[in-house]
Amino acid sequence: MFVARSIPADHKDLIHDVAFDFHGRRMATCSSDQNVKVWDLGEDGHWTCTANWKTHSGSVWKVTWAHPEFGQVIATCSFDRTAAVWEELVGESTEHGQKNWVKRTSLVDSRTSVTDVQFAPKHLGLQLATCSADGIVRIYEAPDVMNLSQWSLQHEISCKLSCSCISWNPSRVHQPMIAVGSDDANPSGGGKVQIYEYNDNSRKWSKVETITVVTESVKDIQFAPNLGRSYHLLGIASKDVRIISLKPLRRDQSSTQTSGHSKFDLRQVAQFDEHNAQVWRLSWNVTGTVLASSGDDGCVRLWKANYLDNWKCISVLKGDGSNVKLQESSQVQQQQQTLSGGAMNGTSSPPGQAPLPLNIKRNSGWAYFNTKKDQGKHYY
Amino acid sequence: MHTVIEAPINAISTNKDASQVVVAGRNVFRVFSIEDDAFVERCNLRVGKNLNLNFSAADVTWNPVEDHLLASAATNGAVVTWNLNKPSRSKQELVFNEHKRTVNRVCFHSTEANLLLSGSQDGFMKLFDLRKKEVNCTFSGQSESVRDVQFCPHHYFQFAAAYENGNLQLWDLRRPDKWEKMFTAHSGPAFTLDWHPDDKNWIASAGRDRSIKIWEISHKPRLLHTVQTIASVARVKWRPSRKYHISSCSLLVDHNVNVWDIRRPYIPFASFEEHRDVVTGIMWKNDPYVFLSGSKDCTVYQHMFKDAVRPADRANPIGIDTNVNGDLGLAFSDKLLVAGKSQTGSSMLPHFFRSKGPDRSEQFTMASSSAVIFESVDKSTGLEWFIECATRYQLSGKSVEDLCDHNAAVAGSLNKHQVAQTWRILKLLYGGNTATPCPPRTVSVIGSPAVGEAHKAESEKVNLKQQLDGHLVQDHNRSTHTDGENKDTGDTSTAVSEDESDAESSLSLTNIASGQVNQQGDFFFGDGELETFDYPVTMANMDSMQDWTLPTEAIPLRHEIQDRLDSPDPLQNATDSPSSANESEFSSQAFGNAENATPMYNLQAIPFASQNPPWEFSHLVCDMLEYFAEQGDVQTSVSVLIILGNKMKTPVEDQKQEQWFMAYLELLTRFRLWGIANEVIKLSSHRAVASLNQQSTTVHTNCNKCFKPLTRAGWLCDRCKALTSTCSICHLPVKGLFAWCQGCSHGGHLEHLREWLMTHKHCPTGCGHICEYT
């Protein structure tokens, strides 16, 4: 299973984010103590802190690595209403092996706390998306990848709802797409996950979907690595964990000209409420086959799909480093029974195919789920 | 509850029992009484015939002893007192025009109703005695402008002043000549200070350096806490009966009133977000749960503590990320762990620093996180199998059968039984197929456009038969040359030259004829198959942008074809009896085909017709590949694609292929398997993918004399008109390997140096260095 290795993080306040770099050999942590620490994996398998510096004058919410092709670059965003881009000075280090990081730019457009910052997938060049508590998503671009100090604000998208998290669709084939989650607490305010897409013709970002099944405040949202799939998987952390698949519908030539933006076949692939508490964070593995979720119950749960595309919990980890045996093993068995029964009845999806569509009705392009009816039908 | 006033507010102040509030600004000066659900205006102080600057206020304060006395600081330097008990409409009482510049702060003595202190931009502080109606004494800080003055609530004679240069001074009323203590508190202007209501020795200060600092001043001033805020701090006020809580508002940017717990100085304990512009005044209502604030947005709010936003609650207590190996990086709030434990029966409970009981609104303990890395040692989450597969899979160099066998074994050894089975099936499907005598239809498919191209290149007057003859001769020529080079796939340069010369020669019929005559064995290879290899290779060398560039994958395939020369093909005949009859027979066959179809496709027609297996499984294989891709196992899809190459007759969509390749390549680079990534690129039959490793690698060379880049050639500098790297022996530019002595840095052609140093010890240039050649 897993071997836990405790790290003396030594941040003076809560750590809000942990991010591995592209190769998984460096890690950055950011904290409310306004510092970011960078950890490097040594040959001996130990993580050592190679940099620790004050980045903002407020809590640092998120930290994220750029693709290494652009250098050793991270971006941070903070309560102090700014996002910043930092670059490591290669070759320079002090006597204790500490690396120097310099601020390349500070993005100061937001008038409220910047809640998330994410680099675009590499094929889109050096782009950065930020979202802020006042509900504005901003897309920045560094036109010259060699000059990290010049970022121009390309787009401002108003989401109407206070934004908490953002995720780029990593697909190379699909148009640039981002999903935005809102932590707006009012469940009657409609769907809390919005999907925006860049349109080449109009050169604008426009909303293509709102995932209306998720009405509770969303704390984290993650697209799974695409890896050549024909559909996109989106993990959503709210009161529970949900996995939504978005399959782009083939558009006809005629409609391409008129409407311009893609339509999706939305399915809720899975929904887990085992956390029984607020779920805060999600993370996909590199192949997009295992989803880790973590919530207020102090546990990390790993979810994986079996060959029938039924997602199951494969492991539970305690935050203090201990593994928890699957207490719900009986439950799992039960699930498996219903699962196998379902397979025999032919209601479950056949192997190798995307799960059956849920009961989605489509009215003028917006999909909604008949949650009540669909609950417990396809998830197990 | 709030009220809107017609003009921006500069300052507010409440009376002794906090039942009334005075609101002052440049164009406003009113007194409101605070009712249960509304502010009710009591009087307007800004009345009279000539409303001069004395009616505008930068600061206002209510006498803490006498309920009818107010003082305001005007921007013209006047200090004005107001008597609410005055029967007339105008309540103005005294005007002191003692300061030369703006008065920043006025402050009544906490117990002595008639003592009023002012601090001004002109650098002086004056103590007014309202009974004598004159200045009692003047204090000069002898530093810059005074931004704030406050009487100490605990000590009769003490007051403190904050200065624009960041200094804080402590004064004794009895010693007007010199301050008692002075220290530098801030690195920019200090805007505000506030005495702790309970702790005699604590004082808070704040300024433009965006920090609130708590000082202990009993002996030598000592910094206890620093709160870093996001903007310059305009005002700070301690929260009553909460030792560690202090409220602040900003001068710019931030419109919130924040209440901080100084022990956790990073996140506001509570925030009040009602105001739309900066807040200029905060007054607690003698109650830790209620306070008033006035703002530039022309409103006065009464805030209840229960309405506060708790930024710490919104703050994310967990960080998690998965790295490429499947290791989980996890940062957890310790509180969550404690909470988790207490649920399971432990007596550890979150502790509360107030004895009031578990009032959620008062819980604000220090928070910290612990970080854990979960190293994945589990097959279900780890990706060792991916690396193993990537490194151990063989993608080329053998027959499809062998490759499938090998890869099946690899997958099997890693417990990827489904993948292993897939390889075995593929072996059955395609391996068996290649074992049967099958002219390389794959080759002809790709090659035929090349042939067509060649046709065009040649003289159009030559009739098709002759043309084909010419081809065949060419083929033969080339084949004789390339035979010896078959093993050396990389050596294409000779092929190029051959090709060029052949192309030239083929332009004239006589040459062709003579070629035919010259070769005693006029055997030829049917279908121009060898040619099809040569053309794309050379074309690829010359211009990789040609849209029909054949991937280098074709090279390994060449071996297979060579192996199959013994198949019942023209070749067999050729080896047996190189007769002219055969030649004409086959050339006519080729000719016939050419008549039937366009020259582009004629050559693939025959093999296709005869070799199609009866069962059409290609689309199934396609589906299978897509299945693996959908499952996130793009490795299998790409590996199969590479090995099958063009054997798949219903090829996977171009875009999809590219997507898979790109995804696989990204994964490989994530695992830092650069070598394998490069191999995959090399073997890819997809145009965009195959050209990947021909991009973005540029080696710039600079002249070794003028250090300017060499633009035209690597050995001639356009600028200084000099050869850059000449051989010390023959004095000609070295275009290949340049060998030089590490000691004197002279060198030249490797051969020349070797020869020279066989016989000499010293450097050929005569520099005197004894060079070593090993």
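Quantities reported herein were computed from a predicted structural model and do not represent experimental measurements.

The subject of this paragraph is the pattern of salt bridges. Note on pairing: side chains with opposite charge can pair once their charged atoms come close. Overall, the coordinates contain 32 salt bridges over all chains when judged by the stated rule. Three or more residues are tied together by salt bridges with common partners; here these are R26, D40, E88 and K99 of chain A.

It is worth spelling out the UniProt feature "repeat: WD" (unreviewed entry) in chain B at this point. UniProt feature "repeat: WD" (unreviewed entry): in the numbering of this structure it lies at residues 96-138 and 183-218 of chain B. End C-alpha to end C-alpha, residues 183-218 of chain B measures 13 Å, and it is 0% helix and 56% strand.

Contacts between chain B and chain A engage 68 residues on the former and 73 residues on the latter. Roughly 6,600 Å² is buried in total at the junction of chain B and chain A, and carbon and sulfur atoms are behind 60% of that figure. There are two salt bridges connecting chain B and chain A. Seen at the junction of chain B and chain A, the total is 17 residue pairs in polar contact (both at pLDDT 80 or more). Elements supplying a minimum of two residues to the side of chain B that touches chain A: α1 (311-314), β29 (318-322), β30 (328-333), α2 (334-343), β31 (369-376), α15 (618-630) and α17 (654-670) of chain B. In terms of residue count, α17 of chain B provides more of the side of chain B that touches chain A than any other element does, nine residues in total. The class makeup of the residues in the side of chain B that touches chain A is 33 nonpolar, 20 polar and 15 charged. Judged from the six bridges that link them, strand β1 (residues 2-7) of chain A and β31 of chain B form a sheet pairing that is antiparallel. Looking at the pairing, A4 of chain A lines up with F374 of chain B of β31 of chain B.

What follows deals with a nonpolar patch on the surface. The grouping of L251, L252 and V253 of chain B at the surface amounts to a nonpolar patch, some 250 Å² of accessible area in total. Residue placement: L252 of chain B occurs in the loop between β23 (245-250) and β24 (257-261).

What follows covers the side chain of R81 of chain A. Secondary-structure assignment places R81 of chain A in the loop between β7 (73-78) and β8 (83-93). The class for R81 of chain A is buried, based on a relative accessible area of 11%. Not counting chain neighbours up to four residues away, the residues in contact with R81 of chain A comprise L107, V108, S110, R111, T112, S113 and V114 of chain A together with I230, V253, D254 and H255 of chain B.

Before going further, it helps to examine α17 of chain B. All names here are of chain B. The terminal C-alpha atoms of α17, which comprises 17 residues, lie 24 Å apart, in line with the 24 Å expected from a rise of 1.5 Å per residue. Within the span of α17, buried status applies to K656, Q657, Q659, W660, F661, M662, A663, Y664, L665, L667 and L668. As for α17, its buried residues are in contact with α3 (384-392), α15, α16 (634-644), α18 (674-683) and α19 (687-690). Two residues or fewer after α17 comes R672, characterised by a positive phi angle close to 60 degrees.

The subject of this paragraph is the UniProt feature "repeat: WD" (unreviewed entry) in chain A. Residues and elements named next belong to chain A. The residues that UniProt annotates with the feature "repeat: WD" (unreviewed entry) are residues 8-41 and 272-304. Counted over residues 8-41, helix gives 0% and strand 56%. Its end C-alpha atoms are 14 Å apart. Measuring from the first to the last C-alpha atom of residues 272-304 gives 12 Å, for a span that is 0% helix and 58% strand.

Attention now moves to the packing of α15 of chain B against α16 of chain B. Residue and element names in this part refer to chain B. As a packed pair, α15 and α16 sit with axes 6 Å apart at the nearest point and diverge in direction by 150 degrees. The handedness of the crossing between α15 and α16 comes out as left-handed. Residue-level inspection shows V621, L625, F628 and A629 of α15 in contact with α16, the latter providing V634, T636, S637, V640, L641 and L644. The class makeup of the residues in the contact of α15 with α16 is eight nonpolar, two polar and no charged.

Here we come to the packing of aromatic side chains. All names here are of chain B. Within this structure, the stated rule accounts for 33 aromatic pairs over all chains. Judged by centre distance (5.0 Å) and plane angle (70 degrees), the rings of F139 and F159 are edge-to-face. Remark: F159 occurs in strand β15 (residues 158-163) and F139 occurs in strand β13 (residues 134-140); sequence separation between them is 20 residues. Comparing F139 with F159 shows no difference in burial state: the two are buried. Judged by centre distance (6.3 Å) and plane angle (75 degrees), the rings of W171 and W179 are edge-to-face. Sitting over the face of the ring of Y289, R239 holds its NZ or CZ atom 5.5 Å from the ring centroid. When the ring centre of F305 is taken as origin, the NZ or CZ atom of R239, which lies over that ring, is 3.7 Å away.

Turning our attention to the sheet that holds strand β26 (residues 279-284) of chain B. Residues and elements named next belong to chain B. Spatially, the four strands line up as an open sheet ordered β1-β28-β27-β26, and their pairing is antiparallel. Single-partner strands in this sheet number two, and they are β1 (2-4) and β26. Neighbour-to-neighbour, the strand axes of the sheet open up by a mean angle of 15 degrees, direction not taken into account.

Rules behind the numbers
- Residues numbered from 1 in each chain as written.
- Chains lettered and ligands numbered in written order.
- Predicted model: local features only at pLDDT ≥ 70, side-chain atom pairs only at ≥ 80, totals over all residues.
- Heavy atoms only, no water.
- Salt bridge = Lys/Arg side-chain N within 4 Å of Asp/Glu carboxyl O.
- UniProt positions renumbered as here; feature names shortened; annotations may be inferred.
- Helix = DSSP H or I, 4+ residues; strand = E, 2+ residues; numbered from the N terminus.
- Contact = heavy atoms within 4.5 Å.
- Buried area = accessible area lost by both parts, 1.4 Å probe.
- Polar contact = N/O pair within 3.5 Å; in protein donor to acceptor, adjacent residues only side chain to side chain.
- Nonpolar A, V, L, I, M, F, W, Y, C, P; charged D, E, K, R; others polar.
- Pairing = 2+ DSSP bridges.
- Patch = residues over 30% accessible without salt bridge, like charges linked within 9 Å, V, L, I, M, F, W, Y side chains within 5 Å.
- Areas by Shrake-Rupley, 256 points an atom, 1.4 Å probe, with all protein chains shown as cover.
- Buried < 20%, exposed > 50% of the residue type's maximum accessible area, 1.4 Å probe, protein only.
- Expected span 1.5 Å × (residues − 1).
- Axes fitted to C-alpha atoms, helices over the stretch in contact; angles between N-to-C directions.
- Left-handed = near helix turned anticlockwise from the far one by under 90°.
- Phe/Tyr/Trp six-rings, centres within 6.5 Å; stacked < 30°, edge-to-face > 60°.
- Lys NZ or Arg CZ within 6 Å of the ring centre and 35° of its normal.

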